[in-house]
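Below, each chain spelled out in residue letters.
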Amino acid sequence: DLQEEVRGSQHLVLLLTTNVLTRPWVLIEIATALQSGKQVLPVELAKKGNGFVFPDRQFYNSLIDGSLLGPEGAEMIRGCGFELRDVAASVQQVFQRISVPYSPHRPASIRRAELRSLLRQCGSLRLSSAEATPTASIRASLLSR
């Protein structure tokens, strides 16, 4: 189940893409991660067409009153053991930290530097010979986007 996967991970990387915070399962992942003591790392996806908007007071109010997610989304959140107010507090906590940029369409050297920064925040930077490249699994998933 989704929550067990989050609880079993070391970190949650939140790709800041258009409307990501309107998806109930993403909000459940965020709340579950923080409840489980996991670090949530916001990553700002720098790519043409990405219309992510950082949450403001109106966003938080509409999340808490249920109008952002609608009845089905709000019920999904509650069904996973969270109140909307708690989820809003979790999202606010995530945005207390500065997001890390990631530019999938920039030159490889820039992507590597951005990935190294992200991995440092995770405490997972592994050096491979003289090149000092990020771990293969994260590198493969983010470079392919």
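Our structure is the block above this text.
Counting from 1, residues in each chain are numbered in the order their sequence is written. Residue-level local features of this predicted model are given only where pLDDT is at least 70; pairs of side-chain atoms are given and counted only at 80 or more, and the full residue set underlies all totals for whole chains, interfaces and linings. For the side-chain quantities, the full set of heavy atoms in the structure was used; hydrogens and water were omitted.

Draft legend 1. Seen up close, the pairing of strand β1 (residues 11–16). Think of it this way: DSSP has to see at least two bridges between two strands before they count as a pair. Counting from the N terminus, the helices are the DSSP runs of H or I reaching at least four residues and the strands are the DSSP runs of E reaching at least two. Where β1 lies against strand β2 (residues 39–45), six bridges are found, and the strand directions are parallel. If you follow Leu14 over to β2, its bridge partner there is Pro42.

Draft legend 2. Molecular detail of the pattern of salt bridges. When a carboxyl oxygen of Asp or Glu is within 4 Å of a side-chain nitrogen of Lys or Arg, the pair counts as a salt bridge. Taken as a whole and assessed by the stated rule, the structure comprises two salt bridges. One salt bridge in this structure joins Arg7 and Glu4, with 2.7 Å as the shortest N-O distance. In this pair, Arg7 and Glu4 are both assigned in helix α1 (residues 2–7), three residues apart and thus about one turn of the helix distant. With a 1.4 Å probe rolled over the protein chains alone, any residue whose accessible area is under 20% of its type maximum counts as buried; one over 50% counts as exposed, and the rest are partly exposed. Look at Arg7 and you get partly exposed, because its relative accessible area is 31%. Judged by relative accessible area, Glu4 falls into the partly exposed class, the value being 48%. For Arg78, the salt bridge is made with Glu83, and the minimal N-O distance between the two is 3.9 Å. Judged by relative accessible area, Arg78 falls into the partly exposed class, the value being 39%.

Draft legend 3. Here's a closer look at the nonpolar core. The nonpolar core is taken to be a set of buried Ala, Val, Leu, Ile, Met, Phe, Trp, Tyr and Cys residues, with the residues joined through side-chain atoms within 4.5 Å. Ranked by internal contacts, the top residues of the largest apolar core, which has 28 residues, are Leu14, Leu21, Leu27, Ile30, Ile77, Val91 and Phe95. At the level of elements, β1, α2 (24–35), α3 (57–64), α4 (70–79) and α5 (84–94) are the ones that each hand at least two residues to this core. No other element matches α2, which puts seven residues into this core. Grouped together as the second largest cluster of nonpolar side chains are nine residues, Leu15, Leu41, Val100 and Tyr102 included.

Draft legend 4. The arrangement of the packing of aromatic side chains in detail. Put simply, two rings from Phe, Tyr or Trp (the six-membered ring, in Trp's case) pair if the centres are within 6.5 Å, and we call them stacked under 30 degrees between planes, edge-to-face over 60, tilted for the rest. Inspection of the entire model under this criterion finds four aromatic pairs. Through a chain of ring-to-ring contacts, the aromatic side chains of Phe52, Phe54 and Phe95 assemble into a single cluster.

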